[in-house]
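Examination of the molecular architecture
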Amino acid sequence: MTADPAPFDAVGLGNAIVDVVVQTDDATLAELDLRKGATTLIDADRASGLQRYVEDGLEVSGGSAANTIAGLASLGGKGAFLGKVGGDRLGEAFRADIGAIGVEFRSPPAPAGPETARCLVFVTPDAERTMLTFLGVSTAFGPDDVDPELIGNAAITYLEGYLFDEELAKAAFARAAELAHAAGRKVALSLSDPFCVERHRGAFRHLVRGHIDILFANEAEIASLYEVESFDEACRLAGADCAFAALTRGAAGSSIVVEGRISQVAAAPVPLVLDTTGAGDLYAAGVLFGLARGYGPERCGNIGAIAAAEVIGHYGARPRARLADLLPAA
């Protein structure tokens, strides 16, 4: 049975994080005992203690899956996002920002519990980014936060691997996948990070084999998932487990595996690589955009490469140019 056309190209499930970006200097980093260029998880007390340093920062909705859906919107697609925010000022900032870029966000604020997640980004004059992330209430996302109507109305449900650490999130992923498949829709998963794969290898394998139609991973992540050293072997195993696998290799481009056939897609040219943050998220946005329109694997990969190239040419994980304007004519 063929599902009815979907009002949304994709709905993403992931950590709802507000990026708070501030300009600073090396002396302030030293005063705060921050390791320049590092990314560190912090607790609520540390986040609160740093608040006065970021009060004038630029606040932007963030998180891996949210970045992907933002990229989808920039390509001209219709996207939605599900994630947990608090009923605080940053929760409202997340809602307002993601809505302003054309993404549907219906998740109600949590009535209690930790505050909205935030990533404090300290940028020094040399453009180096030092990031501290407080995950807050975002990790409390569970099955009750999955919107059945929204899942049923999306061609693809996109799951962010970073969210998988909590048992509630694992149950939420299973529920979302079941709802999507019951509606005749597809389910995609991003493995997100090699360390994430190491923590959940067995559970990820079970999820991929039993629930996932579309798999996104980079070379390190897919090798870790299958515990192999050969990228070709990892491609073969991914192709056996799911219908569509998009596997990235940085400047070497990507490999897309469909029914055992591997398509090689070149990376799009970038005059100067400034910040690879968000490259995988935007690549996924391009592929999801293409898949929702029924494009072939190579064209999907090319759109992904164009979107990734735009975001690594500047600082920040969201596109600055309208991605739809960068696509070649059909």
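Our subject is the structure listed above.
Everything in this summary refers to the structure shown in the same document. Only a predicted model underlies this, so the values are computations on that prediction, with no experimental measurement involved.

**Some points on the overall build of the protein**
Looking only at helices and strands, one finds 11 helices and 14 strands in the protein. Overall, the protein is about 55 × 45 × 40 Å in size when its C-alpha atoms are taken along their principal axes. For the protein, the residues scored as buried account for 53% of the 330 residues in total. The contacts in the protein between residues at least 6 apart in sequence include a share of 72% that link residues at least 24 apart. When the accessible surface of the protein is summed, it comes to about 14200 Å², and 51% of that surface belongs to carbon and sulfur atoms. Within the protein, the 44 negative side-chain charges are centred at a point lying 4 Å from the centre of the 27 positive side-chain charges.

**Focus on the sheet that holds strand S13 (residues 254-258)**
Read from one edge of the open sheet, nine strands run S6-S5-S1-S9-S10-S11-S12-S13-S14, paired in mixed fashion. Of all the strands in the sheet, the pair left with one neighbour each is strand S6 (104-105) and strand S14 (261-265). Summarising the sheet, strand S11 (residues 214-218) and strand S12 (residues 244-248) pair through five bridges and their orientation is parallel. When the sheet's bridge partners are listed, Leu215 is paired in S12 with Ala245.

**Re the pairing of strand S1 (residues 8-13)**
Counted residue by residue, S1 has six buried out of six residues, so it is predominantly covered. Judged from the five bridges that link them, S1 and strand S9 (residues 154-160) form a sheet pairing that is parallel. Note on S9: the bridge partner recorded for Ala10 is Ile156. Two elements, S1 and strand S5 (residues 79-82), share four bridges in a ladder whose sense is parallel.

**Digging into the environment of Thr248**
Inspection of the secondary structure assignment puts Thr248 in strand S12. With near-sequence residues (within four places) excluded, Thr248 lies in contact with Ala217, Asn218, Glu219, Gly253, Ser254 and Tyr283.

**Regarding the nonpolar core**
If you look at the biggest cluster of nonpolar residues, it comprises 52 residues, and the most contacted ones within it are Phe81, Phe94, Phe122 and Phe216. When residues of this core are assigned to their parent elements, the largest contribution, seven residues, is made by helix H10 (residues 279-292).

**Considering the environment of Ala44**
Inspection of the secondary structure assignment puts Ala44 in helix H2 (residues 44-49). Judged by relative accessible area, which is 41%, Ala44 ranks as partly exposed. Here the alpha-carbon distance between Ala44 and Ala117, two residues 73 residues apart in the chain, equals 9.5 Å.

**A word on the packing of helix H7 (residues 194-211) against helix H8 (residues 219-226)**
Running from N to C, H7 and H8 cross one another at 60 degrees; their axes reach a closest spacing of 8 Å. Here H8 runs oblique to H7, going by the angle between their axes. Note on packing geometry: the crossing formed by H7 with H8 is right-handed. Taking contact as the criterion, the partners of Pro194, Val197, Glu198, Arg201, Phe204, Arg205 and Val208 in H7 are, on H8, Ala220, Glu221, Ser224, Leu225 and Tyr226. Within the contact of H7 with H8, the residues separate by chemical class into seven nonpolar, one polar and four charged.

**A closer look at the pattern of salt bridges**
By the definition in use, this model includes 21 salt bridges. Note that Lys36 and Asp126 form a salt bridge whose closest N and O atoms lie 2.6 Å from each other. Of the two residues, Lys36 is situated in the loop between helix H1 (26-31) and strand S3 (39-41) and Asp126 in the loop between strand S7 (117-123) and strand S8 (129-134); the sequence distance between them amounts to 90 residues. Residues Glu59 and Arg89 are paired through a salt bridge, measuring 2.9 Å at the closest nitrogen-oxygen approach. A residue pair is termed long-range when its members are at least 10 positions apart, and Glu59 in strand S4 (residues 58-62) and Arg89 in helix H4 (residues 89-100) qualify at 30 residues. Residue classification places Arg89 among the exposed residues on the basis of a relative accessible area of 52%. A single network of salt bridges, built from pairs that share partners, joins Glu104, Arg106, Asp147 and Glu149.

**Thoughts on the sheet that holds S3**
Strand order in the open sheet formed by five strands is S3-S8-S7-S2-S4, and the pairing between neighbours is mixed. The sheet is open, and its two edges are formed by S3 and S4, each paired on a single side. Averaged over all adjacent pairs, the angle separating strand axes in this sheet is 20 degrees, with direction ignored. Inspection of the sheet shows S3 paired to S8 by three bridges, in the parallel sense. The residue of S8 that forms the bridge with Leu41 is Thr133. Packed onto the sheet, H4 meets strand S2 (17-23), S4 and S7 and runs at close to 70 degrees relative to S4.

Conventions used here
- Residues numbered from 1 in each chain as written.
- Predicted model: local features only at pLDDT ≥ 70, side-chain atom pairs only at ≥ 80, totals over all residues.
- Heavy atoms only, no water.
- Helix = DSSP H or I, 4+ residues; strand = E, 2+ residues; numbered from the N terminus.
- Buried < 20%, exposed > 50% of the residue type's maximum accessible area, 1.4 Å probe, protein only.
- Contact = heavy atoms within 4.5 Å.
- Areas by Shrake-Rupley, 256 points an atom, 1.4 Å probe, with all protein chains shown as cover.
- Lys, Arg positive; Asp, Glu negative; His and termini not counted.
- Charge placed at Lys NZ, Arg CZ, Asp CG, Glu CD.
- Pairing = 2+ DSSP bridges.
- Core = buried A, V, L, I, M, F, W, Y, C linked by side-chain atoms within 4.5 Å.
- Axes fitted to C-alpha atoms, helices over the stretch in contact; angles between N-to-C directions.
- Parallel < 35°, antiparallel > 145°, perpendicular 65-115°, else oblique.
- Left-handed = near helix turned anticlockwise from the far one by under 90°.
- Nonpolar A, V, L, I, M, F, W, Y, C, P; charged D, E, K, R; others polar.
- Salt bridge = Lys/Arg side-chain N within 4 Å of Asp/Glu carboxyl O.

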